[in-house]
Amino acid sequence: MSAAMPLLVVRDLGKTFVRRSGLPGFRRVSRVEAVRGVSFQVEAGETLGLVGESGSGKSTTARLLLRLIDPTSGEVLLNGQDLAALSAGALRARRGGMQMIFQDPFASLNPRLSVGYQLAEPLVVHGLASRAEARVRVAGLLERVGLNPAHARSYPHQFSGGQRQRIAIARALAIEPDLIVADEAVSALDVSVRAQILNLLADIRREQKLSMVFISHDLGVVWHVVDRVAVMYRGRIVEMGPVKAVFEAPRHPYTRELLKAMPVARPGGRRPSTAPAPGDEAAAGRGCSFAARCPLVEPGCREREPDLVPVGPGRTSACIRAGDVPVFSLGEGMIPPASRERLRRLQDRFLAGRAA
Amino acid sequence: MTVTRSPTSSVAGRDGAAVAGRPDVLRADGLTVEFLSHRGPATIVSDVSFAIRAGETLSLVGESGCGKSVSVMAVLGLLPRRQWRITARAVRFEGLDLLERDGRNLRAVRGKRIGMIFQEPMTSLNPTMTVGEQIAEVLRYHLGLDRRAARAGTIALLDRVRIPRAAERVDDYPFAFSGGMRQRVMIALALACSPALLIADEPTTALDVTVQAEIFALLRELQRETGTALLLITHDLGVVAEMADEVAVMYAGRIVEHSPTAALFVAPQHPYTVGLLGASPEWDSRSHRLTPIEGRVPLPAEIMAGCRFAPRCPFRIARCEAEAPPLAVIDGAQEAACWRAPLSPEALQ
């Protein structure tokens, strides 16, 4: 661990959405605490995963990081500088340090501008290149993400979903940011194409020492991409730590339920769930917000909300029974060893044959 | 291991009418679907055959554009005839010919003997009617129930799909339900007339995994109780593993592999299936490198003579580019459309 300041420091971040409805005189105000007390750090070159179900506050956190929306509380420090304290102009200049890749490459590219123009624009806006220099840089960027430089003259509709996501990645890389925030960046892609994009992201990360906050609901994808993972539930981080440790021996019952619920591509599929589904739980008052669904719930859980506290090397959990969460393993017994060996060797041949 | 190749070999052709005494509920034989554009017809589905028996689940799996949804829409007569041309040797549902021109047979079974569940439960429900009215409408139209009986039946159905406090929620509008609960309403609608076949097209893709697990548990339970056959369309091999008895893998409009579900995961026989399994990230796999399938699915206009997977296939040989391999029995009940099947790592060195 270096003594230097981490690239990204998030402290006690909170966002409350206020909704006003009804006619004058009969106004109702409802508040939704989308994100509460979220704190984490991302070191240079590190990838942090944010996982959780819809409504857990993952995407709101992403938007707060980039200050696309203003936080209700807390601070976001990029290279030691508080983004929330910056003026609009200074913020625009600093945003170059951070770029975002969105889920839907159909919605995030401008259909009326050529790909080359869209990639050159951030370079010119941030004063990093003249128009002529930008053209050369764009060609290099397209090659970097596995596209033909001649594609610069094409328009987004001429590309497939996977190619569009490559363009979105190229655009995020254009101004050489320190940090990329990827919000469900591969969720809309087909399996075979998704693997291409995940490998591309892995290569870029390794070669450019880029930091990433990778948001996904798909734990399989997260396992392959991130170094550390933060599990969010109802706006809070409930567990955080190195992804291998967290997935192999979860310290929060919610993490374990999420892992159990993942569909698995092998005979038998996923394990049956024991926890009640979300939806009908009453709005949590005091106590742990997961208590209503928790298989390990005990009276103490309903008294006060547990803090996120250290539970092991580099690991934190917000559960008073963190030590009692059983290990969860998919096991390997379902495929006979000989078949597994054949499959592994076929996949090796598949890769080798492709390279040839 | 025996390899027999017959030109008519197909999923349905494997064993005539009945396996283990169960009759086929639905059988499509040689289904071909063309989209008629101003540039001429484009073949979206070619020569696809499948059969589903009572109480069993068949999954059509493949990536976007492989023709899995179009095949089913064609069988159900949901594709406008002005834009689509559908041909087949036969499409039979409980003995009825569904391709018959005036569509009378189709109208008689759709929504009654065949229930349907789609991906997006918000857009498939009418937002201006209570869920109770929508289900009662089906009961009154198809089963001829009166208002009171239909309401009682509706509450019983909502109860059956485990919607809490069904008698109160029957008067709620769709927006008052969560995504998972809405999908339960859709299942109640589909089951309203005790169908012999339930068709589910990506029924849980829009839902969180924990909710997805619940919906599948419910579907399995209902299937056990009623003996309904289930045709499940999905892109997710994990869903296939959990739900299906048999699986047909589709690629660019053709079935490339068809087998009992366990065999597909234990011993895949088509290179595309091998690639798909390697490209699916699983959290407990040891390797941190995925095996992507290079390139992309051919567009209908780009389809050439040989095997449609050949341009992306690391195992291709000269024959693959010249001649399309038919779906042929590889091992027992397992079929693959590949000249190099059965795949063995040694032979591919």
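Position labels on residues start from 1 in each chain and follow its written sequence. Written order determines the labels here, with chains lettered from A and ligands numbered from 1. In view of the model being predicted, local features appear only for residues whose pLDDT reaches at least 70, and side-chain atom pairs are presented and counted only at 80 or more, with totals across whole chains, interfaces and linings using the full set of residues. Each side-chain value is derived from all of the structure's non-hydrogen atoms; neither hydrogens nor water enter the calculation.

Enquirer: What exactly am I supposed to notice about the nonpolar core here?
Expert: General note: in soluble globular proteins, nonpolar side chains tend to be found buried as a group. Here, nonpolar core refers to any group of buried Ala, Val, Leu, Ile, Met, Phe, Trp, Tyr and Cys residues whose side-chain atoms link them within 4.5 Å. The rule is simple: take the accessible area with a 1.4 Å probe, protein chains only, and divide by the maximum for that residue type; under 20% is buried, over 50% is exposed, in between is partly exposed. Core analysis: the largest hydrophobic core is formed by 103 residues, its most contacted members being A:I169, A:F214 and A:F247. Sequence-distant contacts of A:I169, that is, excluding residues within four places in its chain, are made with A:I101, A:V145, A:I197, A:L200, A:L201 and A:I204. Within the second largest apolar cluster, 39 residues are counted, among which are B:L26, B:I44, B:V45 and B:L197. Any two residues whose heavy atoms approach within 4.5 Å at even a single point are treated as in contact.

Enquirer: Could you clarify how one ought to interpret the interface of chain B and chain A in this entry?
Expert: By a frequent convention, interface size equals the accessible area lost on bringing the separate parts together. Contacts between the two partners involve 59 residues from chain B and, on the opposite side, 54 residues from chain A. Accessible area that two parts lose when put together, evaluated with a 1.4 Å probe and summed over both, is termed the buried area. For the pair chain B and chain A, the summed buried surface comes to about 5300 Å²; carbon and sulfur atoms form 58% of the total. Every case where a carboxyl oxygen of Asp or Glu lies within 4 Å of a side-chain nitrogen of Lys or Arg is listed as a salt bridge. If you look at where chain B meets chain A, you find one salt bridge. Close ionic contact of B:E346 with A:R345 constitutes a salt bridge, the shortest N to O distance being 2.8 Å. Secondary-structure elements contributing two or more residues to the side of chain B that touches chain A are α8 (209-226), α9 (237-243), α10 (261-266) and α11 (271-279) of chain B. Only DSSP runs of H or I reaching four residues or more are called helices, and only runs of E reaching two or more are called strands; each is numbered from the N terminus.

Enquirer: Could you clarify how one ought to interpret the sheet that holds strand β3 (residues 57-61) of chain B in this entry?
Expert: All names here are of chain B. Note: two strands are recorded as paired if DSSP finds a minimum of 2 bridges between them. Strand order in this open sheet of eight strands is β7-β8-β9-β3-β10-β11-β13-β12, and the pairing throughout is mixed. Taken across any chain shown, the strands that pair with only one partner, and hence form the sheet edges, are β7 (114-117) and β12 (328-331). On average, adjacent strands in this sheet sit at an angle of 20 degrees to one another, irrespective of strand direction. Sheet topology note: the β7/strand β8 (residues 197-201) ladder contains four bridges and is parallel. Here an axis means a line fitted to C-alpha atoms, over the contact stretch when the element is a helix, while the angle between two N-to-C directions is reported on a 0 to 180 degree scale.

Enquirer: What exactly am I supposed to notice about the environment of A:M262 here?
Expert: Along the chain, A:M262 turns up in the loop between α9 (253-261) and β11 (309-312). Sequence-wise, A:M262 and A:A174 are 88 residues apart; in three dimensions their C-alpha atoms are separated by 35 Å. Residues in contact with A:M262, not counting those within four places in the same chain, are A:D218, A:L219, A:G220, A:R270 and B:V209.

Enquirer: What is the right way to read the side chain of A:Q347 from this model?
Expert: Looking at where A:Q347 falls in the secondary structure, it is placed in helix α10 (residues 337-355). With sequence-adjacent residues up to four places away left out, A:Q347 is seen in contact with B:V274, B:L277, B:G278 and B:T291.

Enquirer: How should I be thinking about the pattern of salt bridges in this particular structure?
Expert: In a structure, side chains of opposite charge can pair up when their charged atoms sit close to one another. Inspection of every chain in the model, using the stated rule, returns 35 salt bridges over all chains. The partner of A:D218 in a salt bridge is A:R194, with the nearest N and O atoms 3.6 Å apart. Taken together, the residues span a long stretch of sequence, with A:D218 in the loop between β8 (211-215) and α7 (219-225) and A:R194 in helix α6 (residues 191-208) at a distance of 24 residues. One exposure class covers both A:D218 and A:R194, and it is buried. Taken together, the shared-partner salt bridges in this structure form one network comprising B:R160, B:R162, B:E221 and B:E225.

Enquirer: Would you take a moment to explain the environment of B:H142 for this structure?
Expert: Residue and element names in this part refer to chain B. When you line up the elements, H142 lands in helix α4 (residues 131-143). For H142, a relative accessible area of 18% puts it in the buried group. Linking H142 and I117, residues 25 residues apart in sequence, is a C-alpha distance of 17 Å. Not counting residues within four places of it along the chain, the set of residues in contact with H142 comprises R110, G111, K112 and C193.

Enquirer: I would appreciate a short explanation of the environment of B:L232 in the present structure.
Expert: Residue and element names in this part refer to chain B. Tracing the chain through its elements places L232 in strand β9 (residues 229-234). Judged by its relative accessible area of 0%, L232 falls in the buried class. Sequence separation between L232 and M243 is 11 residues; the distance between their C-alpha atoms is 8.4 Å. Aside from chain neighbours lying at most four places away, what touches L232 is T57, L58, S59, L60, A200, P203, F216, V239 and M243.

Enquirer: Can you walk me through the sheet that holds strand β6 (residues 98-101) of chain A in this structure?
Expert: Within a sheet, adjacent strands bond to each other through the backbone by hydrogen bonds, running parallel or antiparallel. Residues and elements named next belong to chain A. With mixed pairing, the eight strands of this open sheet are ordered in space as β6-β7-β8-β3-β9-β10-β12-β11. Lying at the two open borders of the sheet, with one neighbouring strand each, are β6 and β11. For this sheet, the mean inter-axis angle between neighbouring strands, taken without regard to orientation, is 25 degrees. With four bridges connecting them, β6 and strand β7 (residues 179-183) associate as parallel partners. Note on β7: the bridge partner recorded for M100 is V181. Across the face of the sheet, helix α5 (residues 161-174) comes into contact with β6 and β7 while running at roughly 175 degrees to β6.

Enquirer: Explain the pairing of strand β11 (residues 254-260) of chain B to me, please; I cannot follow it from the model alone.
Expert: Consecutive residues of a regular strand have side chains that alternate between opposite faces of the sheet. Residues and elements named next belong to chain B. Burial of β11 is extensive: five of the seven residues sit out of reach of the surface. Across six bridges, the pairing between strand β10 (residues 246-251) and β11 is antiparallel. Looking at β11, one finds that E246 is bridged to P260. Sheet analysis places β11 next to strand β13 (residues 334-336), joined by two bridges and oriented antiparallel. Residue pairing across strands places H258 opposite E335, the latter belonging to β13.

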